Structures are given as structure tokens and as C-alpha cells.
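Coordinate inspection notes
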Amino acid sequence: MKRLLLIFTILFSTLLLSSCKKIEDPSILLPAGSPLIGMAEALDGIEHEIVVGADSFPAAFVKGERDIIIAPAVLGVKLYNEGKSKYQLASVFGWNNLYIISNDNITSLSELSGKQIIAFSEFATPGIVLRTVLGNLEANISYVGSVSDVVAPFMQKTYDAALISEPFISVIKSKRANHNFSILDLSEEEKVPPIAQVGIFVNPDSNNKAGIDNFLSKAKLSIESLNKDPKAYSKKAVSLQPRLKDLGEEVIASAIPNLNLDYVSLDLKTKLEPFLQFLINNNKQLIGDKLPEVAFYYSKW
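I will try to describe carefully the structure that is included in this document.

Basis of the calculations
- Numbering of residues begins from 1 in every chain and follows the order in which that chain's sequence is written.
- Local features in this predicted model are restricted to residues whose pLDDT is 70 or higher, and side-chain atom pairs enter the listing and the counts only when it is 80 or higher, whereas totals over whole chains, interfaces and linings include all residues.
- Computation of side-chain values: all heavy atoms of the structure, hydrogens and water removed.
- A pair of Phe, Tyr and Trp rings is counted when the ring centres sit within 6.5 Å of each other, with Trp represented by its six-membered ring. The angle between the planes then sorts it: under 30 degrees is stacked, over 60 is edge-to-face, the rest tilted.
- Per the convention used, a helix needs a DSSP run of H or I reaching at least four residues, while a strand needs a run of E reaching at least two, with both numbered from the N terminus.
- The buried label goes to any residue with under 20% of its type's maximum accessible area, the exposed label to any with over 50%, and the partly exposed label to all in between, with areas taken from a 1.4 Å probe on protein chains only.
- When DSSP finds at least two bridges between two strands, those strands are taken to pair.
- Where helices are involved, their axes are fitted lines through C-alpha atoms of the stretch in contact, as for all axes, and angles between N-to-C directions lie from 0 to 180°.
- Whether two residues are in contact is decided by their heavy atoms, any of which lying within 4.5 Å being enough.
- In protein, a polar contact means a hydrogen-donor-capable atom and an acceptor-capable atom, both N or O and within 3.5 Å, with residues adjacent in sequence counting only if both atoms are side-chain atoms; elsewhere, any N or O pair within 3.5 Å suffices.

On to the packing of aromatic side chains. Enumeration according to the criterion identifies seven aromatic pairs in this entry. Ring geometry for Phe61 and Phe201: centres 5.2 Å apart, planes at 85°, overall edge-to-face. Placement of Phe61 in helix 3 (residues 57-63) and of Phe201 in strand 10 (residues 196-202) is noted, with a sequence separation of 140 residues between them. Each of the two residues, Phe61 as well as Phe201, counts as buried. Pairing Phe275 with Phe278 gives two aromatic rings, centres 6.0 Å apart and planes at 20°, and the pair type is stacked.

With that settled, consider the environment of Ala54. Inspection of the secondary structure assignment puts Ala54 in the loop between strand 2 (48-51) and helix 3. Assessed through its relative accessible area of 38%, Ala54 is described here as partly exposed. Expressed as a C-alpha distance, the spacing of Ala54 and Arg131, which sit 77 residues apart in the sequence, is 21 Å.

As summarised here, the arrangement of the five strands in space is 7-6-8-5-9, forming an open sheet in which the pairing is mixed. In this open sheet, the two strands that pair with only one neighbour each are strand 7 (140-144) and strand 9 (182-185). On average, each strand axis in the sheet is tilted by 20° relative to the strand beside it, whichever way the strands run. Of the strand pairs in this sheet, strand 5 (residues 99-102) and strand 9 are connected by four bridges, and their pairing is antiparallel. Bridging from a neighbouring strand, Ile101 pairs with Ile183 of strand 9.

With that settled, consider the sheet that holds strand 11 (residues 261-264). Spatial strand order, 2-1-3-10-4-11: six strands in an open sheet with mixed pairing. Looking at the sheet topology across the chains shown, the edges are occupied by strand 2 and strand 11. Shown here is a sheet whose adjacent strand axes are inclined to one another by a mean of 20°, direction ignored. In this structure, strand 4 (residues 88-95) lies alongside strand 11, joined through two bridges in antiparallel fashion. Counterpart to Gly94 in the pairing with strand 11 is Leu261.

Turning our eyes to something else, we now look at the environment of Ser187. Counting through the fold element by element, Ser187 comes out in the loop between strand 9 and strand 10. Classification of Ser187 as partly exposed rests on a relative accessible area of 23%. For the pair Ser187 and Asn96, spaced 91 residues apart in the sequence, the C-alpha separation amounts to 5.5 Å. When neighbours within four sequence positions are excluded, Ser187 is seen to be in contact with Asn96, Leu98, Val192 and Ile195. At 2.7 Å, the side chain of Ser187 and the side chain of Asp185 are in polar contact.

Written out as C-alpha cells, the structure is:
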């Protein structure tokens, strides 16, 4: 009887220890800017790599070494369609963060006719959306590689207007005491469906599926926390992420309402495809001439 009791105790202890085993952190790559702001709380205590710009992401998708890549949604779709990436899309949390700001007081895009505009990412989502909403309007557009490169020329009034996104609008506001510029939201244009910008991609071959799922739960909570109390979240984000200290609490809190961060995972295919079809209709080279197959969308392992 004692022997049976001992065996039972050992088995129970083994099961208890295995159930309490610490979930291993996933390896994560993500860009600076709004994605880092949105994920600041979720990344707390987790090793991760932050990069500036999009140049590092194609190689990361192709190599397939990371458990999670947070990157431009369109890039992940393109590489998957080309057979260069196996990563599945688990969520899109960055939406509709494209704006026109103007040094002149304007109320519609039609007033940009003949104006000098500085913009970024000519052949990616921002450039395509800009050209679509402007239509046949005759405006002079000059492109730079990164949205951060837009700030200085606009501040110096080298250009009449700029294509930009948050948090860089709030950066300009913080440097211009009278905020003397107009802002137009491109997502309000009828020509454009909801603009999907930032996605969370997961590696289906990862040996750390529990860690991936744990992070996805944290990511959802991070976005919910951000939208619930921007001021409290911005304070915490700056304390957790040294890279955000240059922006500061006030700029981040000001930017959050216009970042349009919303964690979408349920029915993601249905919500994303109108935008992907919009891209196909405007430039087939951006993601290819087809929508990604169902297997592209992550579901529980």
C-alpha cells in the first residue's frame, strides 16, 4: 500500500512540475515606430530585436529563423505568395495610419493640385494609397525611403504638404507651438478600404508554439491597454522601451488616438482581403496577382 502511495505521489509531482514548466520566450523581430509602441507592454521581459526601416525583413522571412516577425503586412503576403516565406499571419494590429499634412489650410485633397508633396515608400502601400486617392490630380510628389525622413523637409517648409503617419505627426506638433498645419486622414477616402499596415507573423515550424501563443495573448492585451488609457500606457511604454524615450510620454500619448491600433485576429481573412484586392487592382507587383490561400492565415496549431 505504501509502495502504491509512493508511486502515486511521484506521478502526481511529475505532472504538477510539467504543468508548471516555464513557457520559453519566442524570438521576435520588429520595427521601431508605431509597432514598437503597440507592443511595448507585450515585449516586457522578452528578448527581441528592433530594426529601423523595412530592409531587414525580407531576409528574416526567407531564413525562417525567428518564431515571430512583426512587419508590414503587405511584405509578408508578397513573400508568402512568391513561395519565399512560410510565415503565417496571426494578426493585423496596425490600420489606417496614413495622413496628409499641409502647411496651407486645406480641407480636401483637391486643394493639393499643383502643390509640392513629400512622401515615403513609393512602391509600397503608402505610395500606392497616395496615388490612388489623388487620382488624376496634378501634384508634384517627391519620395523618400522612410517616414522619419519626411519630418525635417516638412518642418523646413521645403514642401507644401507631406504623406506621413503617427507618431511623426505628434513629433511635429511638439516642435511647432502653434500647430499651424492641416491634417487629412486618407482612410476616410471612399477609394480606399481599411488600410492594413502592421501584421504579426508566426513560424509554423517553430518548436516553441506555446511561447508564440503566449506572446499573441500578451500582444492583444497590450493593444487593449494602449487604447484604454493612452496616458498611462505611454508612461509605461517609455519606462519599458529605451528606444521610445526620444519620443517621450507626451508625444506617444498624443499619437495613440491616431495610430489606429486594433488587434484583429478573428475572421482576419475576410477583413484583410478587400485591402489586398485593392492592391492587386492597383499594382500586381506589390503582392502578386492573387490573394493568399487559406493556409496563410494562422489558426491554433
